[in-house]
Amino acid sequence: MNQKDTEKKLSAEKAVEIIEYGMTVGLGTGSTVYFAIKKLGERVKDGLKIKTVSTSNSSTDLARSFGIEPLSIDNAGIIDINIDGADEADRSFNGIKGGGGALLFEKIVALNSKKNIWIIDSDKLVNQLGNYPLPVEVIPFGYKRVFGILKKYDPAVRMKDDGFYKTDSGNLIFDLHLNKIEDPQTLDAELKQITGVVETGLFIGIADTIIIGRKDGTEILIK
Ligand code: 5RP
């Protein structure tokens, strides 16, 4: 396993240690969350009883492959702990998510959760957000107008195979190349005012705990 995957696994498994019998757990999306779902599956096999809510079709499939059947979010009630990855996180507990395209469901699950834990490898902890392209979910109808409005942010429509990438809701993702985000809150508000923008990958003040995988263990930031 390479260094990055080792760090992802360490952070994911540390988060799963916190899960207790009877909890409702949010399952994020991505390659770091893969290790968390796998570990949760092992604990469930050993007798841990939990309910889960998934943030994407891919995480639902993964959970099922490890013997976990997620509930629909509207039948699950309040989620105790949501475990998710991030593409970038800063020490103010702000971050960029959506590299895997699941930002809308991820934000909804996060906002339904009492506690949000991010699991990241050490490269993702940054002093300033924005080096990672910011994903923005946009409805397909009239997307060219939204693209034009966002032109100043150097957008790229995310592609897959030979067509547009589509989210689990059938929407498009525009990746904005910002390099630096001086004021995440103001940018988020500006983007969300554009009709046709469904959600942004800016997660501001949502995470409570960030678990950073390091080569020989984990560093835990608590808000
Ligand atoms: C998916 C996400 C992921 O959490 C984020 O992209 C991190 O993924 P990975 O753990 O694979 O690096 O926001 O929408």
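Just so you know, these numbers come straight off a predicted model, no measurement behind them. (Residues numbered from 1 in each chain as written. Predicted model: local features only at pLDDT ≥ 70, side-chain atom pairs only at ≥ 80, totals over all residues. Heavy atoms only, no water.)

K.L.:
So what's going on with the sheet that holds strand S7 (residues 134-138)? Which residues, and what values?
P.N.:
With respect to topology, four strands assemble into an open sheet ordered S8-S11-S7-S12, the strand pairing being antiparallel. Pairing within the sheet leaves two strands with one partner each, and these edge strands are strand S8 (155-157) and strand S12 (197-200). In this sheet, neighbouring strand axes are inclined to one another by 30 degrees on average, regardless of whether the strands run parallel or antiparallel. Here S8 pairs with strand S11 (residues 172-176) via three bridges, running antiparallel. Its bridge partner lying in S11, Ala156 is registered against Asp175. Sheet strands in contact with helix H5 (residues 103-111) are S7, S11 and S12, and its direction is about 65 degrees off that of S12. Sheet strands touched by helix H7 (residues 184-192): S7, S11 and S12. Its angle to S12, the strand with the most contacts, is close to 165 degrees. (Pairing = 2+ DSSP bridges. Helix = DSSP H or I, 4+ residues; strand = E, 2+ residues; numbered from the N terminus. Axes fitted to C-alpha atoms, helices over the stretch in contact; angles between N-to-C directions. Contact = heavy atoms within 4.5 Å.)

K.L.:
Help me get a handle on the packing of aromatic side chains, residues and values and all.
P.N.:
Two measures describe an aromatic ring pair: the distance that separates the ring centres and the angle between the ring planes. Enumeration according to the criterion identifies five aromatic pairs in this entry. A ring pair is formed by Phe147 and Phe174, whose centres lie 5.4 Å apart and whose planes are at 85 degrees; its orientation type is edge-to-face. Here Phe147 is found in helix H6 (residues 143-149), whereas its partner Phe174 is found in strand S11, with 27 residues between them in sequence. An aromatic cluster of at least three residues, connected via ring pairs, comprises Tyr34, Phe35 and Phe66. A cation over a ring is seen here: Lys107 above Phe203, with NZ or CZ 4.9 Å from the ring centre. Here Arg158 stacks its cationic end above the ring of Tyr165, 5.4 Å away from the centre of that ring. (Phe/Tyr/Trp six-rings, centres within 6.5 Å; stacked < 30°, edge-to-face > 60°. Lys NZ or Arg CZ within 6 Å of the ring centre and 35° of its normal.)

K.L.:
An account of the site of the ligand is requested, with residue identities and associated values reported.
P.N.:
Of all residues adjacent to the ligand, which total 18 residues, the nearest are Ser31, Thr32, Asp87, Gly98 and Lys124. Taking Gly98, its main chain carries an N or O atom lying 2.7 Å from an oxygen atom of the ligand. Here an oxygen atom of the ligand sits 3.4 Å away from a polar atom, N or O, in the main chain of Gly99. Coverage of the ligand by the protein amounts to 91% of the 370 Å² it exposes when considered alone. Taken together, the residues of the shell around the ligand break down into three nonpolar, nine polar and six charged. (Near = heavy atom within 4 Å. Polar contact = N/O pair within 3.5 Å; in protein donor to acceptor, adjacent residues only side chain to side chain. Areas by Shrake-Rupley, 256 points an atom, 1.4 Å probe, with all protein chains shown as cover. Nonpolar A, V, L, I, M, F, W, Y, C, P; charged D, E, K, R; others polar.)

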